[in-house]
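Chain residues, written in single-letter form:
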Amino acid sequence: MPCPSRSDELVFFVNGRKVIERNADPEVTLLSFLRKNLRLTGTKYACGRGGCGACTVMVSKRDPTSQEIRHFSVTACLVPICSLYGAAVTTVEGVGSMKTRLHPVQERIAKSHGTQCGFCTPGMVMSMYTLLRNHPQPSEEQLLEALGGNLCRCTGYRPILASGKTFCLESNGCQQKGTGKCCLDLGENDSSSLGRKSDICTELFVKEEFQPLDPTQELIFPPELLRMTENPEKRTLTFHGERVTWISPGTFKDLLELKAKHPEAPLILGNTSLGPAMRSKGCLYPILLSPARISELNVVSKTNDGLTIGAGCSLAQVKDILAERVSELPEEKTQTYRALLKHLKSLASQQIRNMASLGGHIISRHSYSDLNPILAVGNATLNLTSEEGTRRIPLSEHFLAGLASADLKPEEILESVYIPHSQKWEFVSAFRQAQCQQNALPDVNAGMRVLFKEGTDIIEDLSITYGGVGAATVSAHKSCQQLLGRQWDELMLDEACRRLLDEVSLPGWAPGGRVEFKRTLVVSFFFKFYLQVLQELKKLIKPFPVPNSRRYPEISDRFLSALEDFPGTVPQGVQRYQSVDSHQPLQDPVGRPVMHLSGLKHATGEAEFCDDIPMVDKELCMALVTSTRAYAKIISVDLSEALEIPGVVDVITAKDIPGINGTKDDKLLAVDEVLCVGQIICAVVAETDVQAKRAIEKIKITYEELEPIIFTIEDAIKHNSFLCPEKKLEQGNIEEAFEKVDQIVEGEVHVGGQEHFYMETQRVLVIPKTEDKELDIYVSTQDPAHVQKTVSSTLNIPINRITCHVKRVGGGFGGKIGRPAVFGAIAAVGALKTGHPIRLVLDREDDMLITGGRHPLFGKYKVGFMNNGRIKALDIECFINGGCTLDDSELVTEFLILKLENAYKIRNLRFRGRACLTNLPSNTAFRGFGFPQGTLVTESCITAVAAKCGLPPEKIREKNMYRTVDKTIYKQAFNPESLIRCWNECLDVSSFHNRRKQAEEFNKKNYWKKRGVAVIPMKFSVGFAATSYHQAAALVHIYTDGSVLVTHGGNELGQGIHTKMLQVASRELKIPMSHLHICETSTAMVPNTIATAASVGADINGKAVQNACQILLKRLEPIIKKNPEGTWEEWIEAAFEQRISLSATGYFRGYKAFMDWEKGEGDPFPYYVYGAACSEVEIDCLTGAHKSTS
Ligand SMILES: Cc1cc2nc3c(=O)[nH]c(=O)nc-3n(C[C@H](O)[C@H](O)[C@H](O)COP(=O)(O)OP(=O)(O)OC[C@H]3O[C@@H](n4cnc5c(N)ncnc54)[C@H](O)[C@@H]3O)c2cc1C
Ligand code: FES
Ligand code: FES
């Protein structure tokens, strides 16, 4: 079949509007098309791999067989536009808008306080919207499933789910004790000191005030598309891109012909396997064959002995088909189907299951595949077709291992999959352990099947396959063969475990590492299977007179817990807050739960983030070239091939920097040597981001490896490789105290790092102006002044020529304090050199590679205590992995040491800390700034002491907690009153002691499942340990119509700082918040700002806003006095007439804070905040699966 040289027209609909794309490029994704071509920027890019749900949109298609219209959610980042022929796409903009009509989903998520930074919100809205299109009154389980593929890094899922639950048929609360009441409802366990009962509120919204959901108001499926599907196009459609051609045949015969002609061309279905591979491994397929219009691939047929499912069916459809079959057939026939269904609930997310096909899943043969192990043990067969005819092959271990003799021929396609029914005396089970229940790849999974000789417990056939333990799905064929003919008893169990461990020998490089854990799962899964089958056997075998029936002893109740998986329950939660004083004027919003100022804009996609700013004239894109070596000399950099790529404008290197290239130890662009993989060496500037990224691959860098390469803290200690001197605090006489204690325990604690994963990756847009070297920089940062300063020194131009603008940031968490300045400065060099605006948007992969995260920690402790649990001496030494440059590592070490004592008063202490210099990307500020890692060491000591004393840990905590006004280890005065109040309240509200008793009871009754309850106090110091960081300014303008513009030095990171500032201004000026507005944070409006960090952003900026408002109000006082009955607008008009300045700068001079490390004393923190938290966790001791039970 000839392939036409001209592209066909690609026709689809977006938000009810027809899109005709005459030059559709198969490499372009729906996400990129929406954002760049249609300028629909509500759909966000956050991971680009289908993993986070930020790009969720709804696709509607008419099913050619059933003629029904299917609405399903997809992740637009994995959808090639060419796959959308004849489809209707709905984005967040098509759902509702602030300009026209808000959709109830949008209204409710905002009013339920379900948005913070708002970057994930459009995706959340779209997942919920799609659910409601299919189920206007969903169950809570359906809601949970619909949102399972949507990540949120700031809000927490409670308020998001709360908004969704308002659509559910009934919301059942936590139903504690079967009363139908929630344990956190008022009146229970509530002798709290938070306030009187009447002061405590739990409702943030009144459900009855929400606009109702009216399904008749939704966009209809475009009639034109209905007509198209009534007379489906049978001719082959072809879309030619720059590098790839997409061919979509209209008939099965044409598909087979095309496959014979292009045997190397993959079939593209869901693109959930091909897409990520093309992206990360750089695979390029010049021809893609799309069988999307071939109905033969979607045929489902039921026979007496099995089920045949078309390879083109999506995994979501497979789930429905299997569920239907399970409901129709007797239990014994559906063992395999039920095992598949179990995994189809947890495999990926609903979006991925909607997209991914059964055929694509099987053929991809991922080692972690959840379905292949079950299909293999279930004796599934693959129906293959080519022009030559059809044939069947088993989905065997040889097929899964990719042996050519057991595989598809290049010209064959998988038409369908046959899955036989199970039979009596046959049992099939599926096992899976992942880091979380939803949307996480499995660590290990398994499919297991056993067939017994009828009426006996003699194994006639046995198959076991594992995923996640090697390069492919692994079959334990040998072990199974050796167990044939054996009885299903403990002797067999023992032998099976030994044999399985022997046969499934995990290589050291097993994907995902954690080899020992995986080995445990190999046997744990079999043990569970053994018990499950034993249970079933007992039921079956009863009517049969089997000799020696003692072989089937009852499984004791204690062991039954091995059989139960944690149920996927819908999380329940209640937020309690203290209401304002009843005398507070109604108009004063301070202390009231005001919705996030941008909440509705988040929900409609109208909130503009850095990369949503429309393309500016002559804009170019930048992509970064990073080191592939951990420690090496750069011998040469060859840019020639890259510069020849069409669209490439320039490559920026260190030589192009007119000013200072970072610092001596932390260069913006590497010179001569690189210190870690991911260090930036140069940057390509091109007309499009695609060209810039392609050019990167053409840059040839030669290195000479250097030594020693240091990655771990242990290596750094060995090589004496540190970033800064040791920080130390000491009090009392620790050596003497150790002499006098009853017992001493020593231990080590390792705390891993953490990737930042703010949903909005690092991004910046630099716009050079034509005059006076001025630059406008739009940047996603917590510290615009730092970006401004760094750009100034890099370009060697004064700070006053550079204006940084921050409208909002899609999450920062500390990761956008230091690094944005690097990206801003490199982009600014590009802008200066080319004279063009430069946009730099980091891919998630680059962001994770280049930027560091939380510091991993290694802590050693020695603790001396009396037998009653009183700790007399504590010596802790900590090392953190700082990476290859200093960044914030010295400060993190200082804070770690300062905060190590947490809530405890121990008379003899020694805390030491050092930051290690390693060849990793530099680690940086991260929520808590060392406190979480350090506290884990301290709390581990407490637990160790408790274990030695035979006392519960909370007793040790209580015994050693600050009790009276005292001095901290750095000799700052400290009053523990609030700390103790928090502790007591937490014990009280959580019914801690009851809980502990219940957990102990539970543990006695259950051998394989255990519950643990803990309560931990927290004394957290806020602020920076330097006075100059505790200052803030604000600028407040009142305009002649009475409207007020507030600007301050804080940045909106999702924490709602702008909302709080307007609450303050509203109180001070005594006008409603609707009169007030905040546009952005700008270095031109408020200069020399401090990073929004250290938990004091709202605090210090609020004071500055208050100051500015008070100054203005003072100026207005005479006018108000003269006309007390006047309106705000009249007073402002009068003030203008009387030439009273209506603009004021507010300033907060801040707290004093200092720390003298020589003396080991100071006043480093303005104040503390306190907390106490109780958590109860249940763990499956066989697999490590765990669940927070409350
Ligand atoms: C975010 C994410 C999370 C995931 N989580 C999980 C998980 O938890 N567990 C799990 O098991 N999997 C998981 N996956 C993998 C997923 O199951 C597979 O990617 C998916 O099933 C592949 O199907 P597809 O239709 O998208 O294949 P495509 O990407 O379209 O194609 C994949 C391959 O299959 C071939 N192919 C497709 N159909 C046929 C056919 N009919 N005949 C011949 N060849 C064919 C193609 O040529 C291609 O080589 C995840 C994937 C993503 C993106
Ligand atoms: S799922 Fe598409 S951006 Fe994350
Ligand atoms: S609000 Fe969800 S990621 Fe920020």
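Let us look at the structure shown here. Keep in mind that what you see is a predicted model, and the values were worked out from it rather than measured.

For the rest of this paragraph, the subject is the overall build of the protein chain. A count of helices and strands for the protein chain gives 35 helices and 46 strands. Against the compact-globule benchmark of 32 Å for 1190 residues, the protein chain has a radius of gyration of 32 Å, which places it among compact chains. Along the three orthogonal principal directions, the C-alpha set of the protein chain runs to about 95 × 80 × 70 Å. Scored against the burial criterion, the 1190 residues of the protein chain give a buried share of 56%. Taking the contacts inside the protein chain whose residues are at least 6 apart along the sequence as the reference set, 76% of them involve residues at least 24 apart. If you sum the accessible surface of the protein chain, you get close to 49,800 Å²; carbon and sulfur atoms cover 52% of it. Taking the average location of the 136 positive side-chain charges in the protein chain and that of its 140 negative ones, the two points are 3 Å from each other.

Moving on: the site of ligand 1. Lining the immediate surroundings of ligand 1 are 34 residues, of which Leu269, Thr272, Leu274, Ser357 and Asp370 lie closest. Between ligand 1 and leucine 414, the relevant distance is 2.8 Å, taken from a nitrogen atom to a main-chain nitrogen or oxygen of the residue. Within the side chain of arginine 432, one N or O atom sits 2.9 Å away from an oxygen atom of ligand 1. Isolated, ligand 1 exposes 980 Å² of accessible area, and the fraction of that covered by the protein chains is 92%. Among the elements of the structure, helix H13 (358-364) and strand E14 (413-420) are those that each provide at least two residues to the shell around ligand 1. Here the shell around ligand 1 gets 5 residues from one element, more than from any other, and that element is H13.

Another point: the pattern of salt bridges. Applying the stated criterion across every chain, the model contains 66 salt bridges. Across the pair arginine 49 and glutamate 845 runs a salt bridge whose closest N-O atoms are separated by 2.9 Å. Residue arginine 49 is located in the loop between helix H1 (30-37) and strand E3 (56-62), and its partner glutamate 845 is located in helix H27 (residues 844-850); the two are separated by 796 residues in the primary sequence. Take glutamate 845: its relative accessible area is 27%, and that puts it in the partly exposed class. The salt bridge involving aspartate 656 is made with lysine 833; its shortest N-O contact spans 3.2 Å. Here aspartate 656, found in the loop between strand E22 (648-652) and strand E23 (673-674), pairs with lysine 833, found in helix H26 (residues 819-834); they are 177 residues apart in sequence, far enough to count as distant. By relative accessible area, which is 38% here, lysine 833 ends up partly exposed. Each of the salt bridges in this network shares a partner with another, and the network as a whole consists of Lys36, Arg49, Arg279, Asp689, Lys693, Asp843 and Glu845.

Okay, the packing of aromatic side chains next. The tally for this structure, following the rule as stated, stands at 28 aromatic pairs. Ring centres of phenylalanine 431 and phenylalanine 525 lie 5.5 Å apart, and the angle between their planes is 20°; on these two criteria the pair is classed as stacked. Of this pair, phenylalanine 431 sits in strand E15 (residues 426-434) while phenylalanine 525 sits in helix H18 (residues 515-541), and the two are 94 residues apart along the sequence. Each member of the pair, phenylalanine 431 as well as phenylalanine 525, is classed as buried. For the pair phenylalanine 931 and phenylalanine 1020, a centre-to-centre distance of 5.1 Å together with 75° between the ring planes defines the contact as edge-to-face. Placement of phenylalanine 931 in helix H29 (residues 931-949) and of phenylalanine 1020 in strand E37 (residues 1009-1021) is noted, with a sequence separation of 89 residues between them. Residue phenylalanine 931 is classed as buried on the basis of its relative accessible area of 8%. In this structure an aromatic cluster arises from ring pairing among Phe427, Phe431, Phe452, Trp488, Phe525, Phe526, Phe529 and Tyr530. Seen from the ring of phenylalanine 399, arginine 365 lies directly overhead, with NZ or CZ sitting 4.3 Å from the centre.

Here we come to helix H33 (residues 1057-1069). An α-helical turn contains 3.6 residues, so a residue and the one three or four places further along point in the same direction. Taking 1.5 Å per residue as the helical rise, H33 with its 13 residues ought to reach 18 Å, and the 18 Å between its terminal C-alpha atoms agrees with that figure. A large share of H33 lies buried, amounting to 11 of its 13 residues. Among the residues of H33, those classed as buried are Ile1057, His1058, Thr1059, Met1061, Leu1062, Gln1063, Val1064, Ala1065, Ser1066, Glu1068 and Leu1069. The inward-facing, buried residues of H33 contact strand E39 (1044-1048), strand E40 (1076-1077), strand E41 (1081-1082), helix H34 (1097-1122) and helix H35 (1128-1137). Looking one or two places after H33, you find lysine 1070, whose phi comes out positive at around 60°.

In this structure, Tyr861, Ile876, Val1044, Val1046, Leu1069 and Trp1128 are the most contacted members of the largest nonpolar core, which totals 94 residues. If we ignore the near neighbours within four places in the chain, the residues touching tryptophan 1128 are Ile1038, Gly1042, Val1044, Leu1069, Ile1071, His1075 and Leu1116.

With an omega of -5°, the peptide bond running from glutamate 707 to proline 708 counts as cis. With respect to the secondary-structure elements, proline 708 resides in the loop between strand E25 (700-705) and helix H23 (713-718). A positive phi is found at arginine 365, a non-glycine position, where the angle reads about 50°. Within the secondary structure, arginine 365 sits in the loop between H13 and helix H14 (372-377). Positive phi, normally seen in glycine, also occurs at aspartate 672, with a value near 65°. If you trace the backbone, aspartate 672 turns up in the loop between E22 and E23.

Turning our attention to the environment of valine 206. Tracing the chain through its elements places valine 206 in the loop between strand E6 (200-201) and helix H7 (223-230). Sequence separation of valine 206 and serine 112 is 94 residues, and the distance between their C-alpha atoms is 9.3 Å.

Of the two faces of strand E26 (residues 727-731), only the one carrying Lys727, Leu729 and Gln731 is buried; Lys728 and Glu730 on the other face are not. Sheet topology note: the E26/strand E34 (residues 908-917) ladder contains 5 bridges and is antiparallel. Bridge pairing in E34 links leucine 729 to phenylalanine 911.

A word on the side chain of aspartate 407. With respect to the helices and strands, aspartate 407 occurs in the loop between helix H15 (397-400) and E14. By relative accessible area, which is 15% here, aspartate 407 ends up buried. In terms of polar contacts, aspartate 407 uses its side chain to reach the side chain of arginine 365, at 3.0 Å. In this structure aspartate 407 touches Arg365, Arg391, Ile393, Phe399, Gly402 and Glu412, once residues within four positions along its chain are discounted.

Below, the discussion takes up the sheet that holds strand E32 (residues 857-865). Sheet architecture is open: 5 strands sit in the order E26-E34-E33-E32-E27, paired in mixed fashion. Of all strands in the sheet, those with a lone pairing partner are E26 and strand E27 (743-751), marking the two edges. For this sheet, the mean inter-axis angle between neighbouring strands, taken without regard to orientation, is 10°. Bridging between E32 and strand E33 (residues 871-883) involves 9 bridges; their strand directions are antiparallel. Bridging from a neighbouring strand, valine 863 pairs with leucine 874 of E33. Packed onto the sheet, helix H28 (residues 889-899) meets E26, E32, E33 and E34 and runs at close to 160° relative to E34.

About the thresholds
Residues numbered from 1 in each chain as written. Chains lettered and ligands numbered in written order. Predicted model: local features only at pLDDT ≥ 70, side-chain atom pairs only at ≥ 80, totals over all residues. Heavy atoms only, no water. Helix = DSSP H or I, 4+ residues; strand = E, 2+ residues; numbered from the N terminus. Rg over C-alpha atoms; globule rule 2.2 N^0.38 Å. Buried < 20%, exposed > 50% of the residue type's maximum accessible area, 1.4 Å probe, protein only. Contact = heavy atoms within 4.5 Å. Areas by Shrake-Rupley, 256 points an atom, 1.4 Å probe, with all protein chains shown as cover. Lys, Arg positive; Asp, Glu negative; His and termini not counted. Charge placed at Lys NZ, Arg CZ, Asp CG, Glu CD. Near = heavy atom within 4 Å. Polar contact = N/O pair within 3.5 Å; in protein donor to acceptor, adjacent residues only side chain to side chain. Salt bridge = Lys/Arg side-chain N within 4 Å of Asp/Glu carboxyl O. Phe/Tyr/Trp six-rings, centres within 6.5 Å; stacked < 30°, edge-to-face > 60°. Lys NZ or Arg CZ within 6 Å of the ring centre and 35° of its normal. Expected span 1.5 Å × (residues − 1). Core = buried A, V, L, I, M, F, W, Y, C linked by side-chain atoms within 4.5 Å. Pairing = 2+ DSSP bridges. Axes fitted to C-alpha atoms, helices over the stretch in contact; angles between N-to-C directions.

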